[in-house]
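Coordinate inspection notes
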Amino acid sequence: MRKNVATTLLVFLLILGASLPIYAMSLPDEQSTAIQSFVEEARRISRTPGISVAVVVGSETHFFSAGVANRETETPANEDTLWDIGSSTKAFTSLGILYLEEQGLLSLDDSIADYLPWLVLRYSGQPVDMQEVRLYHFMHHISGLPMDLGSSTGSLRQGVENMVDVGLVFLPGEGFIYANVNTNILGLVIEAVSGHSYESFMVQHIFHPLGMMDTFANRERAIATGRRAQGYVTQFIFFTMQSDVSNAEAVDHMPAGYIVSSTRDMARWMEVQLGLATDIPEVFQTIIPRSHEAGRSIAEPDGSYYAAGWIVSADQSFIEHGGTTEGFGSNVFLFPEEQIGITVLSNLSGAHGTQSRPAGNIKDILDGNLNQSYSILWTFQHLDVTFTIATVLGTVLAVFFILFALHRHKHNERCTFTKKRIALIAFWIVMVLALGTPFLLFPWFTFIIGRIYSLLTMIIALGLLFGSIAWFVSSPRRSK
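Reading the values: rules and limits
- Residues numbered from 1 in each chain as written.
- Predicted model: local features only at pLDDT ≥ 70, side-chain atom pairs only at ≥ 80, totals over all residues.
- Heavy atoms only, no water.
- Helix = DSSP H or I, 4+ residues; strand = E, 2+ residues; numbered from the N terminus.
- Buried < 20%, exposed > 50% of the residue type's maximum accessible area, 1.4 Å probe, protein only.
- Contact = heavy atoms within 4.5 Å.
- Areas by Shrake-Rupley, 256 points an atom, 1.4 Å probe, with all protein chains shown as cover.
- Patch = residues over 30% accessible without salt bridge, like charges linked within 9 Å, V, L, I, M, F, W, Y side chains within 5 Å.
- Salt bridge = Lys/Arg side-chain N within 4 Å of Asp/Glu carboxyl O.
- Phe/Tyr/Trp six-rings, centres within 6.5 Å; stacked < 30°, edge-to-face > 60°.
- Axes fitted to C-alpha atoms, helices over the stretch in contact; angles between N-to-C directions.
- Parallel < 35°, antiparallel > 145°, perpendicular 65-115°, else oblique.
- Left-handed = near helix turned anticlockwise from the far one by under 90°.
- Nonpolar A, V, L, I, M, F, W, Y, C, P; charged D, E, K, R; others polar.
- Polar contact = N/O pair within 3.5 Å; in protein donor to acceptor, adjacent residues only side chain to side chain.
- Pairing = 2+ DSSP bridges.
- pLDDT = per-residue confidence, 0-100.
- Core = buried A, V, L, I, M, F, W, Y, C linked by side-chain atoms within 4.5 Å.

**As for the overall build of the chain**
The secondary structure content of the chain amounts to 17 helices and 15 strands. The proportion of buried residues among the 480 residues of the chain is 51%. Within the chain, contacts between residues separated by at least 24 positions form 71% of all contacts whose residues are at least 6 apart in sequence. Accessible surface for the chain amounts to roughly 21900 Å². Of this, 59% is attributable to carbon and sulfur atoms.

Quick look at the structure:
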């Protein structure tokens, strides 16, 4: 009898086990070794001072780090180091909006005019009917706002007020443009509805209730802990220098990109997103799944959607968001069906930053492909090399043309300008003006230059070269 009962119980457990999804609860030694080796290789090749990684696999969390948080103090990077997480911040701000909606304090269908009545936008020179511009337009980046960051004022409200009368690229709901100001506007709505500062609201209603005690919406408080990493930027192929955003910019754009956190807290954040954290307020168990829904967003060319601070694949099997600020980079990957989450934080931005999304390589290791090689995204490193070479060659050639022109002015008499010479001079002057046009027409261009300084120096060098050629062509020649 006992034998029959035991057999029946064993069969029942086997059937039950077969009917449940099976997730790896721990990493084999070879996978842990492969991930650590890859992280160290990524740090070495990209010349990133420090990298910290959190890997959530089912109920277990693993941390991997390499390098230093600060080159001057040689403080090792680890899971308690604090890093700017860049645009990965947007998921937190969007969750704050969903929290307020769940509390009945607002609705994504509400007009932005209900909360920021002074915000007026324009399209084709005409004022937009702001009663028709909804909160979800900003959450899903379908408002039509351009990518321009605007100036730094040291005030979230003032930063948004600078967007008054800005021209939209398209009418709300008719397209998709990823723009930080969308989330900054949502941050200001949080302040208007809650009656608290953005920082206070996030700490009291998001960070601490989720058990994230090392996450900050105030850069100065993070610095005061003594654990915030120093940011760096690598430019001109070889040089790495300290780099950090101003306090004014961090305050202006905090809801969109300047939350500071550790990989330990980001591991907790991934557990919450994957539904693995059961010790959280019930409200989050409702709104977290909603934050992954495409809602009214518009499909991007690759078929993905922008949800509430997350880029979601069409089948919702893959959720991610990355971010870059001055001196820092972040990647967060989620695979809900497999209960896997990967966060990579680093203290390098710019041309040689870890922009190749190393989280994807780590996922390949988890899938059994242990031999992963790190490669920097060519559109950053290779362009930096190209811009640097062009800077050097442009400067050298400009010096030669200037010297030749000076020689002509010294030894030759002036001669009559022919139509051909006038056309050549006009051509090179137009080339100089063309180089400066992007600065006049596209304010966001300066943001790109802030991350790739070699692009700025190349433009200056080429402008100098074209100008020196124009002067050389206009200089007197020896009479026949």
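**Looking at a nonpolar patch on the surface**
On the surface, a nonpolar cluster with roughly 640 Å² of combined accessible area is contributed by Ile389, Val392, Leu393, Val396, Leu397, Phe400 and Phe404. When you line up the elements, Phe404 lands in helix H14 (residues 378-411). The exposure class assigned to Phe404 is partly exposed, which follows from its relative accessible area of 47%.

**Concerning the packing of aromatic side chains**
Summed over the entire model, instances satisfying the criterion amount to 14 aromatic pairs. Centroid distance Tyr99 to Phe284: 6.0 Å. Interplanar angle 25°. Geometry classified as stacked. Note that Tyr99 is positioned in helix H3 (residues 90-102) and Phe284 in helix H12 (residues 282-291), a separation of 185 residues in sequence. For Tyr99, a relative accessible area of 14% gives the class buried. Since its relative accessible area comes to 1%, Phe284 is described here as buried. An aromatic cluster is built from Phe92, Phe207, Trp269 and Trp310, whose rings are joined through pairwise contacts.

**Digging into the pattern of salt bridges**
Applying the stated criterion across every chain, the model contains 13 salt bridges. Residue Asp109 is joined to Arg296 by a salt bridge in which the shortest nitrogen-to-oxygen separation is 2.7 Å. Within this pair, whereas Asp109 is found in the loop between H3 and strand E5 (122-123), its partner Arg296 is found in the loop between H12 and strand E10 (305-306), the two being separated by 187 residues in sequence. For Asp109, a relative accessible area of 38% translates into the label partly exposed.

**Remarks on the packing of H3 against H12**
Contact pair H3 / H12: the axes reach a minimum separation of 10 Å and the direction vectors enclose 125°. It follows from the interaxial angle that H3 and H12 lie oblique. By crossing handedness, the relation of H3 to H12 is classed as right-handed. Contacts from Leu95, Leu98, Tyr99, Glu101 and Glu102 in H3 reach Val283, Phe284, Thr286, Ile287, Ile288, Arg290 and Ser291 in H12. In terms of residue class, the contact of H3 with H12 is built from 7 nonpolar, 2 polar and 3 charged.

**Notes on the side chain of Ser87**
Structurally, the position occupied by Ser87 is in the loop between strand E4 (83-84) and H3. Owing to a relative accessible area of 11%, Ser87 belongs among the buried residues under this scheme. Only 3.0 Å separates the side chain of Ser87 from the side chain of Tyr178, close enough to count as a polar contact. Not counting residues within four places of it along the chain, the set of residues in contact with Ser87 comprises Tyr178, Asn180, Ala256, Gly257, His321, Gly322, Gly323 and Thr324.

**Focus on the packing of helix H2 (residues 29-46) against helix H13 (residues 358-366)**
Where H2 contacts H13, the two axes come as close as 9 Å, and the packing angle between them is 160°. In this view, H2 runs roughly antiparallel relative to H13, as classed from their interaxial angle. Between H2 and H13 the crossing geometry is right-handed. Contact residues: H2 offers Gln31, Ala34, Ile35 and Phe38, while H13 offers Pro358, Asn361, Ile362, Ile365 and Leu366.

**Quick look at the sheet that holds strand E11 (residues 311-312)**
The strand order across the open sheet formed by 8 strands is E3-E2-E1-E14-E13-E12-E11-E10, and the pairing between neighbours is antiparallel. Each edge of the open sheet is held by one strand with a lone partner, namely strand E3 (75-76) and E10. Sheet topology note: the strand E13 (residues 328-335)/strand E14 (residues 340-346) ladder contains 7 bridges and is antiparallel. Following the sheet pairing, Ser330 is matched in E14 by Leu345. Against the sheet, helix H11 (residues 263-273) engages strand E1 (50-57), strand E2 (60-70), E13 and E14, with an angle of about 30° to E1.

**Things to note about the confidence of the model for the chain**
Confidence along the chain averages 84 in pLDDT terms, with 84% of residues attaining 70 or more. Here residues 1-25 is modelled with pLDDT under 50, and outside its nearest four sequence neighbours on either side it reaches 10 contacts, counting other chains as well. Contacts for the low-pLDDT stretch residues 440-447, under 50 throughout, to residues beyond four places or in other chains number 9 contacts.

**As for the nonpolar core**
Membership of the largest hydrophobic core comes to 77 residues, with the highest contact counts inside it found for Phe92, Ile112, Ile206 and Phe284. Each residue touching Phe284, except ones within four places of it in the same chain, is listed here: Leu95, Tyr99, His205, Ile206, Pro209, Leu210 and Pro289.

**Describing the pairing of strand E12 (residues 319-325)**
Most of E12 is tucked away: 6 of the 7 residues are buried. The pairing of E11 with E12 spans 2 bridges and is antiparallel. Bridging from a neighbouring strand, Ile311 pairs with Glu320 of E12. Here E11 hands over to E12 after 6 residues, with Gln316 in that stretch at a positive phi of 60°. Where E12 and E13 come together, 7 bridges link them in antiparallel fashion.

**Considering the pairing of E14**
Counting buried positions along E14 yields 7 of 7 residues, so the element is predominantly enclosed. The side-chain alternation of E14 yields two buried faces, one formed by Ile340, Ile342, Val344 and Ser346 and the other by Gly341, Thr343 and Leu345. Looking at chain direction, E1 and E14 are connected through 7 bridges and run antiparallel. Of the residues in E14, the one forming a bridge with Ala54 is Thr343. Two successive antiparallel strands, E13 and E14, enclose a turn made up of 4 residues, where Gln339 displays a positive phi of approximately 55°.

**A short note on the environment of Ser65**
Looking at the secondary structure, you find Ser65 in strand E2. Taking the relative accessible area as the measure of exposure, Ser65 reaches 18% and is therefore buried. Each C-alpha atom of the pair Ser65 and Gly50 lies 7.5 Å from the other, and the pair is 15 residues apart in sequence. Discounting chain neighbours no more than four positions away, the residues touching Ser65 are Gln36, Val39, Ile51, Ser52, Ala77, Asn78 and Glu79. Within the local environment of Ser65, its side chain forms a polar contact with the side chain of Ser52, the two groups lying 3.2 Å apart.

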